[in-house]
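# Secondary and tertiary structure notes
What follows is the residue order along each chain.
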Amino acid sequence: MNIPRKRIFHIPPWSLQSTFELLQIRNLGDGGDTCLDSAAKRDDFHKPIGLWPCHSQGGNQYWMFSKEGEIKRDEACLDYAGGDVILYPCHGTGGNQMWLYDPHLHAIQQASSKRCMELSADKQKIIMAQCNGSSRQKWLVQNYDETKLIYATS
């Protein structure tokens, strides 16, 4: 399974800033109760992304998509270079930090590796695997509004 190589931009009606509204990223497999959850302080850079039961109270579970295809919190971006998905200082040049989301397949794919984000079987970490549509590769990006999207091929 390959997500079409489109970069998806979400433009809030009030701004044309480079980042967009806060989003909770929830895995839909194994009960659907696990969310991306990591502090984004400098001490957390170079460490694997965290997971925690979803609580819908914001904080470490709120993320943003940038116009460059980054999934970020503050100055930390999700970065995949072949090992763990880590928090890394955002650089704005795509590559390891460019992610594609397909709201119909509920898949989050790292653009350059074409691998999909997957919840490990023990629900303790994020792994990157060949995209296969399994329930552990299905993610709901809450507050995602497809009517506010602009598609641009890259």
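Residue positions are counted from 1 within each chain, in the order its sequence is given. The predicted origin of the model limits local features to residues at a pLDDT of at least 70 and limits the giving and counting of side-chain atom pairs to 80 or more, whereas totals for whole chains, interfaces and linings rest on all residues. Excluded from the side-chain calculation are hydrogens and water; included are all heavy atoms of the structure.

## Some details on the environment of Ile 71
Note that Ile 71 resides in strand β6 (residues 71-73). Only protein chains enter the accessibility calculation, which uses a 1.4 Å probe. A residue is then buried if its area is under 20% of the maximum for its type, exposed if over 50%, and partly exposed in between. Using a relative accessible area of 0% as the deciding quantity, one classes Ile 71 as buried. Between the alpha carbons of Ile 71 and Ile 25 there is a distance of 10.0 Å; along the sequence they are 46 residues apart. Among residues more than four places away in sequence, those in contact with Ile 71 are Ile 25, Trp 63, Met 64, Phe 65, Ala 76, Cys 77, Leu 78, Gln 97, Trp 99 and Ile 108. Numbering goes from the N terminus for both helices and strands, where a helix is a DSSP run of H or I of at least four residues and a strand is a run of E of at least two. Here a residue-residue contact requires only that any non-hydrogen atoms of the pair lie within 4.5 Å.

## Things to note about the packing of aromatic side chains
Stacked, tilted and edge-to-face are the three classes assigned to paired rings of Phe, Tyr and Trp, where Trp is represented by its six-membered ring and a pair needs centres within 6.5 Å; plane angles under 30 degrees give stacked, over 60 edge-to-face, the rest tilted. Throughout the structure, instances matching the rule amount to 0 aromatic pairs. Just above the ring of Trp 63 sits the side chain of Arg 73; from NZ or CZ to the centre is 5.6 Å. Here, a charge over a ring is recorded when the distance from Lys NZ or Arg CZ to the ring centre is within 6 Å and its angle to the ring normal is within 35 degrees.

## Things to note about the pattern of salt bridges
Take a side-chain nitrogen of Lys or Arg and a carboxyl oxygen of Asp or Glu: if they are within 4 Å of each other, that pair is a salt bridge. In the structure shown here, the tally under the stated rule is 3 salt bridges. Residue Lys 123 is joined to Asp 33 by a salt bridge in which the shortest nitrogen-to-oxygen separation is 2.9 Å. Here Lys 123, found in the loop between β11 (115-119) and β12 (126-130), pairs with Asp 33, found in the loop between β2 (23-27) and β3 (34-36); they are 90 residues apart in sequence, far enough to count as distant. What makes Lys 123 partly exposed here is its relative accessible area of 26%. Owing to a relative accessible area of 35%, Asp 33 belongs among the partly exposed residues under this scheme. Salt-bridge contacts for Arg 136 lead to Glu 118; the nearest nitrogen and oxygen are separated by 2.9 Å. Of this pair, Arg 136 sits in the loop between β12 and β13 (139-142) while Glu 118 sits in strand β11, and the two are 18 residues apart along the sequence.

## Looking at unusual backbone geometry
Of note in this structure, Asp 74 is not a glycine but carries a positive phi near 55°. For Asp 74, the location among the structural elements is in the loop between β6 and β7 (76-80). Under the relative-accessibility criterion, Asp 74 is labelled partly exposed at 48%. You will see that Lys 114, though not glycine, has its phi angle at about 60°, which is positive. When you line up the elements, Lys 114 lands in the loop between β10 (107-110) and β11. On the basis of relative accessibility, which here comes to 40%, the residue Lys 114 falls in the partly exposed class.

## Details of the confidence of the model for the chain
Known as pLDDT, the predictor's per-residue confidence is scaled from 0 to 100. Considering every residue of the chain, the mean pLDDT works out to 81; 79% of them sit at 70 or more. Model confidence for the chain, summarised as mean pLDDT per element, is weakest for strand β14 (residues 149-153) at 42 and strongest for β11 at 97. Contacts for the low-pLDDT stretch residues 148-154, under 50 throughout, to residues beyond four places or in other chains number 22 contacts.

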